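# Remarks on the overall topology
Here are the chains, one letter per residue:
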Amino acid sequence: MKSIIALIFLVLITSCKQDTVKEISIKDDIAVLASDAYEGRETGTKGEQEAAKYISERFKALGLQPKGTDGYFQVFSFKPKSDPHAEVIFESQATDSMITGTNVLGYIDNNAKNTIIIGAHYDHLGYGGEGSLYREKDKAIHNGADDNASGVAVLLNLAAKLKKTNTNNNYLFMAFSGEEMGLLGSNYFVKHPTFDINTANYMINMDMVGRLKADNTLAVYGTGTSPRFKQVLHAVNKSFKLVEDESGVGPSDHTSFYLNDIPVLHFFTGQHEDYHKPSDDADKLNYEGMELISDYIFDVIAELDNSGKLAFRKTKDDSGEMARFKVGLGVVPDYLFDGKGMRIDGLREDTPASRAGLLKGDVVIKLGDSTITDIYGYMRALSVFEEGDRTKVVVDRNGEKIEADLEF
């Protein structure tokens, strides 16, 4: 592990001119963060701590100021949840029964009134565990190249660009831990901020931005959390087919900030069949796509630079209630689908969906008594079922409506 870190920093400090730093590419950062040496970066493990050290050294080399409670680090301890829906209790002192995670924070101080927060989680699943979709008996490292070494690498790329730009905002760059266990690092930060959080302008989150597809579809969530966002997103867009969602609530760290009345934008290139599996490796990523996304986010920030502090607006799901379900179909939803219904982007073997004869590309338009118009309607419909229940599902398959029997 140390040999990998030593190698990358040999590149970092080698330069043609004195007092300059050779640029580290998005691909270079992912090669380190998604390597076997970090053993999947599970929160509380040695691999997570080594990854945190790497990110802090990158922040230091880029000239970012430390903004944690201990240099670049903000440590938090918690008891693992027995009930996945229970609120996590953070503890002031760690014990053997607790898990300790580490957020990594770097700051660019432009002597401005407001601060833009740019974040991405760096933790992943280690050797698998509860969140894994890997069904083989042998243990395997889940390197999480897309989820979410990709987001951290784009964050570091943005930090390098913004360090060279004089702006009307300060920047707080945050690499979160504990996301896979329930947005714990971001949740802890908003409760224990290391700067005056009332001066936060808006928050940008990147989670799984490494698999831009051939049609350049990019999902952007939180577009309704400030009146300025939609106009700016379209004004600077030159490359992407945007799929927009107004909601500030979702399964990533931007939710913690939205629930603290901070406008948010969350960028995402979609799920895939390697999600939460050992096969989510660096060789499957679209590096040119990540460069495009970094440039796009930079342009969004630049366009918003003279807008002052953005107004916050609650979205229609401001309660923050997420659908809870005890069963699943065994499919990977296509989160970038912008038609009516929920399109299936992948299926696992021996699941309710596969046994019912559903196929990749099918669009679920009815589940039980509920008409499905989007992914949220699908989750609400799914939440009423329990193991052993039987119902019918209707899908649109290339324009033909097909009905099938389901058993959970």
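What counts and how
- Residues numbered from 1 in each chain as written.
- Predicted model: local features only at pLDDT ≥ 70, side-chain atom pairs only at ≥ 80, totals over all residues.
- Heavy atoms only, no water.
- Helix = DSSP H or I, 4+ residues; strand = E, 2+ residues; numbered from the N terminus.
- Buried < 20%, exposed > 50% of the residue type's maximum accessible area, 1.4 Å probe, protein only.
- Phe/Tyr/Trp six-rings, centres within 6.5 Å; stacked < 30°, edge-to-face > 60°.
- Lys NZ or Arg CZ within 6 Å of the ring centre and 35° of its normal.
- Polar contact = N/O pair within 3.5 Å; in protein donor to acceptor, adjacent residues only side chain to side chain.
- Salt bridge = Lys/Arg side-chain N within 4 Å of Asp/Glu carboxyl O.
- Axes fitted to C-alpha atoms, helices over the stretch in contact; angles between N-to-C directions.
- Parallel < 35°, antiparallel > 145°, perpendicular 65-115°, else oblique.
- Left-handed = near helix turned anticlockwise from the far one by under 90°.
- Contact = heavy atoms within 4.5 Å.
- Nonpolar A, V, L, I, M, F, W, Y, C, P; charged D, E, K, R; others polar.
- Expected span 1.5 Å × (residues − 1).
- Pairing = 2+ DSSP bridges.
- Core = buried A, V, L, I, M, F, W, Y, C linked by side-chain atoms within 4.5 Å.
- Arc of directions from axis to C-beta.

A cis amide bond, omega 5 degrees, links aspartate 147 with the succeeding residue asparagine 148. Its location among the elements puts asparagine 148 in helix H4 (residues 145-163). Positive phi is not limited to glycine here, since leucine 183 has a value of about 60 degrees. Mapped onto the elements, leucine 183 comes out in the loop between strand E6 (169-176) and helix H5 (184-191). For leucine 183, a relative accessible area of 17% gives the class buried. Phi at aspartate 261 is positive, roughly 65 degrees, even though this residue is not glycine.

Let's shift gears to the packing of aromatic side chains. As enumerated under the stated definition, the model contains 15 aromatic pairs in all. With 6.3 Å between their ring centres and 45 degrees between their planes, tyrosine 221 and phenylalanine 268 make a pair best called tilted. Here phenylalanine 268 lies in strand E10 (residues 264-268) and tyrosine 221 lies in strand E8 (residues 217-221), a separation of 47 residues in the sequence. We classify tyrosine 221 as buried; its relative accessible area is 13%. An angle of 50 degrees between the planes, with centres 5.2 Å apart, marks the rings of phenylalanine 240 and tyrosine 296 as tilted. In this pair, phenylalanine 240 is assigned in the loop between helix H6 (229-235) and strand E9 (241-245) and tyrosine 296 in helix H8 (residues 287-304), connecting sequence segments 56 residues apart. Relative accessible area serves as the criterion here: at 3%, tyrosine 296 is assigned to the buried category. Sitting over the face of the ring of tyrosine 287, lysine 27 holds its NZ or CZ atom 5.4 Å from the ring centroid. Lysine 139 extends its terminal NZ or CZ atom over the ring of tyrosine 127, reaching a point 5.1 Å from the ring centre.

Locating glutamate 244 in the fold gives a position in strand E9. By relative accessible area, which is 31% here, glutamate 244 ends up partly exposed. At 2.4 Å, the side chain of glutamate 244 forms a polar contact with the side chain of histidine 234.

With that settled, consider the pattern of salt bridges. The full count for this structure, using the stated rule, is 14 salt bridges. For aspartate 274, the salt bridge identified is with arginine 211, shortest N-O distance 2.9 Å. On the criterion of sequence distance, the pair formed by aspartate 274 in the loop between E10 and H8 and arginine 211 in the loop between strand E7 (200-206) and E8 is long-range, its members being 63 residues apart. Of the residues examined, aspartate 274 reaches a relative accessible area of 14% and is grouped as buried. Here arginine 211 falls in the buried class, since its relative accessible area comes to 15%. Between lysine 213 and aspartate 345 there is a salt bridge whose closest N-O contact spans 3.5 Å. Of the two residues, lysine 213 is situated in the loop between E7 and E8 and aspartate 345 in strand E12 (residues 342-347); the sequence distance between them amounts to 132 residues. Among the ionic contacts, a cluster of salt bridges with common partners joins Arg211, Asp274 and Lys284.

Another point: the packing of helix H2 (residues 26-33) against H8. Where H2 contacts H8, the axes come no closer than 10 Å and their chain directions differ by 115 degrees. The pairing of H2 with H8 is recorded here as roughly perpendicular in orientation. Considering only the axes of H2 and H8, their crossing is right-handed. Along the contact surface, H2 presents Ile26, Lys27 and Ile30, while H8 presents Tyr287, Met290 and Glu291. A breakdown of the residues in the contact of H2 with H8 according to their chemical character gives four nonpolar, no polar and two charged.

Next up on the list: helix H3 (residues 46-61). Over its 16 residues, H3 extends 23 Å from the first C-alpha to the last, a length consistent with the 22 Å expected when each residue adds 1.5 Å. The positive-phi residue at the C-terminal boundary of H3 is glycine 63, with phi of around 85 degrees.

Inspection of the sheet shows strand E15 (residues 390-397) paired to strand E16 (residues 400-407) by eight bridges, in the antiparallel sense. For arginine 390, the partnering residue across the bridge sits in E16 and is glutamate 407.

With that out of the way, let us pick up the nonpolar core. Formed by 58 residues in total, the largest nonpolar core has its most connected members in Ile30, Ile118, Phe173 and Phe267. Among the elements that line this core, the one with the most residues is H4, at 10 residues. If sequence neighbours within four positions are ignored, isoleucine 30 has contacts with Ser35, Ala145, Ala149, Ser150, Ala153, Ala282, Leu285, Tyr287 and Met290. Ranked by size, the runner-up nonpolar core spans 22 residues in total, among them Ala356, Ala381, Leu382 and Ala404.

Structurally, the position occupied by aspartate 28 is in helix H2. C-alpha of aspartate 28 to C-alpha of alanine 153: the two residues are 125 residues apart in sequence and 8.5 Å apart in space.

As a further point, take H2. Residues of H2 that are buried include every one of Ile26, Asp29, Ile30, Val32 and Leu33, and no others. Buried residues of H2, viewed axially, fall in a sector of 160 degrees; they line one side.

With that out of the way, let us pick up the side chain of aspartate 362. Considering the arrangement of structural elements, one finds aspartate 362 in the loop between helix H9 (352-355) and strand E13 (363-367). A polar side-chain atom of aspartate 362 sits 2.8 Å from a polar atom in the side chain of arginine 397. Here aspartate 362 is in contact with Met342, Arg343, Ile344, Val395, Asp396 and Arg397, once residues within four sequence places are set aside.

Worth remembering: the numbers are spatial, not functional.
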